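An overview of the molecular structure
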Amino acid sequence: LAAPAMSSMSPVEAVQVRPLAAAVRRAMADRRMSQRTLARVAEFDPTTLGRRLRGFSPFTVPELQRVASALDVTPASMRRPSNLSRAENPGSFFIE
């Protein structure tokens, strides 16, 4: 059996990918959307979506557009996770 392949991302790329993956996971949680449902609605292979959500590989621009559409947010809001507002994210329950 071969050992699993290591990610080909550089440490800088990995740092940039993880916040986006976290933003997608937060939007999913806010909408109570499962990974399986997001994969179906955004037309993703479930395994590929899982890798993206865990930050193992980056979302492409078309993938991010499909995910944002499925989650009813803008792609720009997914790239700036700290800027999501309650208006864009009505299901959130942030403590201020």
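The structure this text deals with has already been given above.
Residues numbered from 1 in each chain as written. Predicted model: local features only at pLDDT ≥ 70, side-chain atom pairs only at ≥ 80, totals over all residues. Heavy atoms only, no water.

1. With respect to the overall build of the protein
How we decide: Labels follow the DSSP assignment, with helices taken as runs of H or I lasting at least four residues and strands as runs of E lasting at least two, numbered in each case from the N terminus. Each residue is placed in one exposure class: buried if its accessible area under a 1.4 Å probe, protein chains only, is under 20% of its type's maximum, exposed if it is over 50%, and partly exposed if it falls in between. Contact criterion: two residues are considered in contact whenever any of their non-hydrogen atoms come within 4.5 Å of each other. To measure how exposed things are, a 1.4 Å probe is used in the Shrake-Rupley method; for residues, cover is taken only from the protein chains shown.
Assigned secondary structure in the protein consists of five helices and zero strands. Along its sequence from the N terminus, the protein presents helices and strands in the succession α-α-α-α-α. Within the span of the protein, comprising 96 residues, buried residues form 36% of the whole. Sequence-distant contacts, at least 24 apart, represent 54% of the contacts inside the protein between residues at least 6 apart. Accessible area for the protein stands at about 6600 Å²; split by element, carbon and sulfur atoms hold 58% of it.

2. Comments concerning the pattern of salt bridges
Rules: Any carboxyl oxygen of Asp or Glu that lies within 4 Å of a side-chain nitrogen of Lys or Arg is treated as forming a salt bridge with it.
If you walk through the whole model with that rule in mind, you get one salt bridge. Ionic pairing is found between glutamate 63 and arginine 52, a salt bridge with its closest N-O pair at 2.9 Å. Placement of the pair is glutamate 63 in helix 4 (residues 61–71) and arginine 52 in helix 3 (residues 46–53), with a sequence separation of 11 residues. Each member of the pair glutamate 63 and arginine 52 is classed as buried.

3. Things to note about helix 4
The following threshold applies: This arc is taken over the directions from the axis of the helix to the C-beta atoms.
The set of residues buried in helix 4 consists of Glu63, Leu64, Val67, Ala68, Ala70 and Leu71. Looking down the long axis of helix 4, one finds its buried residues gathered within 160° of arc, a one-sided arrangement. Exposed and facing more than 90 degrees away from the buried side of helix 4 are Val61 and Ser69. Following helix 4 by one or two positions, aspartate 72 adopts a phi angle in the positive range, close to 60°.

4. Considerations on helix 3
In an α-helix there are 3.6 residues to a turn, and that puts residues three or four apart on one side. Every buried residue belonging to helix 3 is among Leu49, Gly50, Arg52 and Leu53, and all of these are buried. Projected down its long axis, helix 3 shows its buried positions confined to an angular sector of 160°, all on one face. After helix 3 finishes, the residue glycine 55 shows a positive phi value of roughly 80°.

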